[in-house]
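Here is what each chain is made of, one letter per residue.
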Amino acid sequence: MSGTHALATPGPGTDVAKETVDAAILRDPVRDGAGRIRASRARMANIRQNIALAHRLRGVFLATPVFGITTL
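Residues numbered from 1 in each chain as written. Predicted model: local features only at pLDDT ≥ 70, side-chain atom pairs only at ≥ 80, totals over all residues. Heavy atoms only, no water.

On to the overall build of the protein, then. Counting its secondary structure elements, the protein contains two helices and zero strands. Here the protein holds 72 residues, and the buried ones make up 3% of them. Approximately 6700 Å² of the protein is accessible, and the part contributed by carbon and sulfur atoms is 64%. (Helix = DSSP H or I, 4+ residues; strand = E, 2+ residues; numbered from the N terminus. Buried < 20%, exposed > 50% of the residue type's maximum accessible area, 1.4 Å probe, protein only. Areas by Shrake-Rupley, 256 points an atom, 1.4 Å probe, with all protein chains shown as cover.)

Structure (structure tokens):
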């Protein structure tokens, strides 16, 4: 795809993103297995935190009309 047909123009972070992708692709996947497992566990912990926060916020938004603080 040529530059004249691009849907989005490259911004200042494009070169950094390309270098990051290159570094991720060029790493040896066999030797970096432990790093991938750590990253996967960190992502799952982040997902669990986000889900817990969403449930808490839902509880707050459902509880406030019960106590008359807000209306639905």
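Moving on from the model shown.
This part takes up the environment of proline 65. Residue position: proline 65 is located in helix α2 (residues 33–66). A relative accessible area of 23% means that proline 65 is categorised as partly exposed. With residues near it in sequence (within four places) discarded, proline 65 still touches Thr70 and Leu72. (Contact = heavy atoms within 4.5 Å.)

Where nonpolar side chains cluster on the molecular surface, the patch consists of Leu53, Leu57, Val60 and Phe61 and spans about 400 Å² of accessible area. Assignment of secondary structure puts leucine 53 in helix α2. (Patch = residues over 30% accessible without salt bridge, like charges linked within 9 Å, V, L, I, M, F, W, Y side chains within 5 Å. Salt bridge = Lys/Arg side-chain N within 4 Å of Asp/Glu carboxyl O.)

Further remarks concern α2. Its 34 residues place the ends of α2 50 Å apart at the C-alpha level, agreeing with the 50 Å of an ideal helix rising 1.5 Å per residue. In the stretch just after α2, glycine 68 is the one whose phi turns positive, near 80°. (Expected span 1.5 Å × (residues − 1).)

On to the side chain of threonine 64. Of note, threonine 64 is situated in helix α2. For threonine 64, a relative accessible area of 15% translates into the label buried. In this structure the side chain of threonine 64 is engaged in a polar contact, spanning 3.4 Å, whose partner is the backbone oxygen of phenylalanine 61. With near-sequence residues (within four places) excluded, threonine 64 lies in contact with Ile69 and Thr70. (Polar contact = N/O pair within 3.5 Å; in protein donor to acceptor, adjacent residues only side chain to side chain.)

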